[in-house]
Amino acid sequence: MGTRPVAMVLAALVLAGAVLTGCSTTTGGHAVSIYEDPFQVAGLPTTNGPSGPRAGVPDAPITAIGGDKSEVDTLALNALDDIQSFWMNEYAGEFRGRFTPVDKFYSWSAKAPREQSSQFCDDTTYQLINAAYCRLDNSVGWDRGVLLPMMRDSFGKMAVVMVLAHEYGHAIQTMSGIVTAKDPVIVKEQQADCFAGVFMRHVAEGRSRHFTINTADGLNSVLAATVAIRDADPDSPESVHGSAFERVTAVQIGFTDGPKGCKGIDMKDIAQRRKSLPQSFGDDVNRGELAITTDSLRELGKAMASIMPVPAEPTYDYHGAALNCADGADTAPVTYCPATNIIGTDIPALAQRGTTDTDPRGGFPTRVGGDYNAYVVFVSRYALAVEHNAGQPLTGAKPGLRAACLSGVITAKLADPKRDVSQGDIALSPGDLDKAVSGLLSDGLAASDVDGKTVPSGFSRVDAFRAGVLGSQQICEARYS
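Residues numbered from 1 in each chain as written. Predicted model: local features only at pLDDT ≥ 70, side-chain atom pairs only at ≥ 80, totals over all residues. Heavy atoms only, no water.

Draft legend 1. The overall build of the chain, seen in detail. A count of helices and strands for the chain gives 15 helices and 14 strands. Evaluated residue by residue, the chain yields a buried proportion of 55% over its 481 residues. Considering only residue pairs separated by 6 or more positions, the chain has 72% of its internal contacts joining residues 24 or more positions apart. Carbon together with sulfur atoms contributes 51% to the accessible area of the chain, which is approximately 19,500 Å² in total. (Helix = DSSP H or I, 4+ residues; strand = E, 2+ residues; numbered from the N terminus. Buried < 20%, exposed > 50% of the residue type's maximum accessible area, 1.4 Å probe, protein only. Contact = heavy atoms within 4.5 Å. Areas by Shrake-Rupley, 256 points an atom, 1.4 Å probe, with all protein chains shown as cover.)

This is the structure in structure tokens:
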């Protein structure tokens, strides 16, 4: 987050109406969820249990050029065998032309010395930490030495499956001709994320030969991997995949809507979803980080009251989150007490939650830290006060998801370039949505009810927040009524 200097530049792609991709229908002029059960994940039951390779299933009868038959290579080949079988069955029903299987797979180790390097897609594999689809020869290749082990160790084996499902998505694009050389790279990448989501739905339905995934922590980990490989710096010319918010959205579109939803992703769609959300740090020397202090929280409080006013505005206690509430639990670092209409905040603990992450071991961060990972929790407790003012129940799954959704509405409004800064001198920065998404996937506190309880599916928590970011207060109330 940041304060808003007079010359702040924000993208101004403001929509005339709400944008909800594949998650709602319209009844009487109001968007409502087509998945009414908050314990479901895009229509599937929320499940616990194993995630990863199925036991006792023979390995796929395919090989990789340069492969070493290691555990990582076997994992990759089994994944590609299942992915290819899935698209072989599904392709004709969704795309024109004939399905052309990927007929070459390449494996290499980025740790190997130069003299042991090989070629992939007309490039050397020396120190090549990557996985990719090559259009030149219709092949998929991966680094078994660094990249795939890092993904596996950070997020589990299904993250490796997710990476390869993304790369095979590029093969689907190529053979179907739904993109051309003129399409921006970000369109191709988010379509591929979407196609990966389609395959993950297939696995979650129990139809994959080699793999299974539960829709609670298993799917949460796959989405967390998507967050980790986001474009962290929107000002970099190499940022061509999209933010974590955008990438997770693309995966969710595929998981929810199937291939038809993926075909609908183009630059117009991406621009609509970006609304007025900030796309550049500009001259912000703090790179979007705003210290969590009493003053900043007071400014945020003023902004929330302006964006989503209520008849009985809550009061704020900045001396701690232990309120000993008669009708709610302490939910440190921020607590809302309905009985007294007070929001209590443990500022040092909230600031600790908002610290940026450093991983001394290297590899992928399993959590995206930063200020808005904390601020969104503060916003969500105000959202509970909004619900309380409306006479809505505050315990249970729907109130928690409604709080996440309302938090998304407030979050998006913080990016409105026309908002009066005198009513809260605070604004959204690039990356803030990513921090919020990471927190929603990890502990879901911003999607919890007044007792601090939340649904086990990070997918559902992020989906609720996204509905608010891209929608309105009315949509939140309709979806989670």
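Read on for the rest.
Draft legend 2. Broad picture of the packing of helix 1 (residues 71–94) against helix 3 (residues 157–176). Their axes nearest at 9 Å, the elements helix 1 and helix 3 cross at an angle of 40°. In this view, helix 1 runs oblique relative to helix 3, as classed from their interaxial angle. With respect to the hand of their crossing, helix 1 and helix 3 are arranged in right-handed fashion. Here Glu71, Leu75, Ala76, Ala79, Leu80, Ile83, Gln84, Trp87 and Tyr91 of helix 1 come into contact with helix 3, specifically with Lys157, Val160, Val161, Leu164, Ala165, Tyr168, Ile172, Met175 and Ser176. Among the residues making up the contact of helix 1 with helix 3, the classes are represented as 14 nonpolar, two polar and two charged. (Axes fitted to C-alpha atoms, helices over the stretch in contact; angles between N-to-C directions. Parallel < 35°, antiparallel > 145°, perpendicular 65-115°, else oblique. Left-handed = near helix turned anticlockwise from the far one by under 90°. Nonpolar A, V, L, I, M, F, W, Y, C, P; charged D, E, K, R; others polar.)

Draft legend 3. Main features of the sheet that holds strand 9 (residues 131–134). Pairing in this open sheet of three strands is mixed, and the strands run 6-10-9 from one edge to the other. The two strands at the open ends of the sheet, each matched to only one other strand, are strand 6 (104–108) and strand 9. Strand-to-strand, the axes of this sheet are offset by a mean angle of 15°, without reference to chain direction. Across five bridges, strand 6 lies against strand 10 (residues 139–143) in parallel orientation. Looking at the pairing, Tyr106 lines up with Gly141 of strand 10. Packing against the sheet, helix 3 makes contact with strand 9 and strand 10, and its axis sits at approximately 15° to strand 9. (Pairing = 2+ DSSP bridges.)

Draft legend 4. Representation of the pattern of salt bridges within the structure. Inspection of every chain in the model, using the stated rule, returns 19 salt bridges. The salt bridge partner of Asp153 is Arg152, with a shortest N-O separation of 2.9 Å. Connected through salt bridges with shared partners, the residues Glu71, Arg152, Asp153 and Lys157 form a single ionic network. (Salt bridge = Lys/Arg side-chain N within 4 Å of Asp/Glu carboxyl O.)

Draft legend 5. Examining the pairing of strand 14 (residues 342–345) more closely. Pairing analysis gives three bridges linking strand 12 (residues 315–317) to strand 14, with the strands arranged parallel. When the sheet's bridge partners are listed, Thr315 is paired in strand 14 with Ile342. Where strand 13 (residues 334–337) lies against strand 14, four bridges are found, and the strand directions are antiparallel. Bridging across to strand 14, Thr335 finds its partner in Gly344. Hairpin connection, strand 13 to strand 14: the antiparallel pair is bridged by four residues, and Asn341 has positive phi, about 55°.

Draft legend 6. Fine view of the nonpolar core. Counting residues in each nonpolar core, the largest one holds 130 residues, and the members touching the most others are Trp87 and Trp142. Residue contacts for Trp87: discarding those within four places in its chain leaves Phe95, Phe99, Tyr168, Ile172, Phe195, Val198 and Pro259. Tyr106, Trp108, Leu128 and Cys134 belong to the second largest nonpolar core, which has six residues in total. (Core = buried A, V, L, I, M, F, W, Y, C linked by side-chain atoms within 4.5 Å.)

Draft legend 7. Representation of the packing of helix 2 (residues 147–155) against helix 3. At a minimum axis separation of 6 Å, helix 2 and helix 3 run at an interaxial angle of 130°. It follows from the interaxial angle that helix 2 and helix 3 lie oblique. Crossing hand, helix 2 versus helix 3: right-handed. Contacts between helix 2 and helix 3 pair Leu148, Met151, Arg152 and Phe155 from the former with Lys157, Ala159, Val160 and Val163 from the latter.

Draft legend 8. Looking closely at the state of the cysteines. The final tally for this structure, using the stated rule, is four disulfides. In this model Cys405 forms its disulfide with Cys476; the gap between the sulfur atoms is 2.1 Å. Taking the sign of the S-S torsion, about -80° here, the bridge from Cys405 to Cys476 comes out left-handed. In this pair, Cys405 is assigned in helix 12 (residues 397–413) and Cys476 in helix 15 (residues 473–479), connecting sequence segments 71 residues apart. One exposure class covers both Cys405 and Cys476, and it is buried. The cystine pairing of the chain, numbering bonded cysteines in sequence order, is 1-2, 3-4, 5-6, 7-8. (Disulfide = S-S within 2.5 Å.)

Draft legend 9. Highlighting helix 5 (residues 217–228). Taking 1.5 Å per residue, 12 residues should reach 16 Å; helix 5 reaches 16 Å between its end C-alpha atoms and fits that length. Burial analysis of helix 5 places 10 of its 12 residues in the buried class, the great majority of the element. Among all positions of helix 5, only Gly218, Leu219, Asn220, Val222, Leu223, Ala224, Ala225, Thr226, Val227 and Ala228 are buried. (Expected span 1.5 Å × (residues − 1).)

Draft legend 10. Broad picture of the packing of aromatic side chains. Using the criterion set out here, one finds 12 aromatic pairs in the structure. When the ring of Trp87 is compared with that of Phe95, the centres are 6.3 Å apart and the planes differ by 55°; the resulting orientation is tilted. By relative accessible area, Trp87 is classed as buried at 0%. Each member of the aromatic cluster is reached from another via a ring pair, and the members are Phe86, Trp87, Tyr91, Phe95, Phe99, Phe195 and Phe199. If you follow Lys263 out to its NZ or CZ, it ends over the ring of Phe95, 5.2 Å from the centre. (Phe/Tyr/Trp six-rings, centres within 6.5 Å; stacked < 30°, edge-to-face > 60°. Lys NZ or Arg CZ within 6 Å of the ring centre and 35° of its normal.)

Draft legend 11. Here's a closer look at the side chain of Thr125. Here Thr125 shows up in the loop between strand 8 (123–124) and strand 9. The contact partners of Thr125, leaving out residues within four places of it in the chain, are Trp108, Ala110, Ser117, Ser118, Gln119 and Phe120.

Draft legend 12. Structural context of the side chain of Arg381. Here Arg381 lies in helix 11 (residues 371–389). Among buried charged residues, Arg381 stands out as having no salt bridge; its nearest opposite-charge side chain is Asp449, 6.3 Å away. A polar atom in the side chain of Arg381 sits 2.9 Å from the backbone oxygen of Ser448. In contact with Arg381, not counting residues within four places along its chain, are Thr331, Val334, Thr335, Tyr336, Ile343, Leu445, Ala446, Ser448 and Asp449. (Lys, Arg positive; Asp, Glu negative; His and termini not counted. Polar contact = N/O pair within 3.5 Å; in protein donor to acceptor, adjacent residues only side chain to side chain.)

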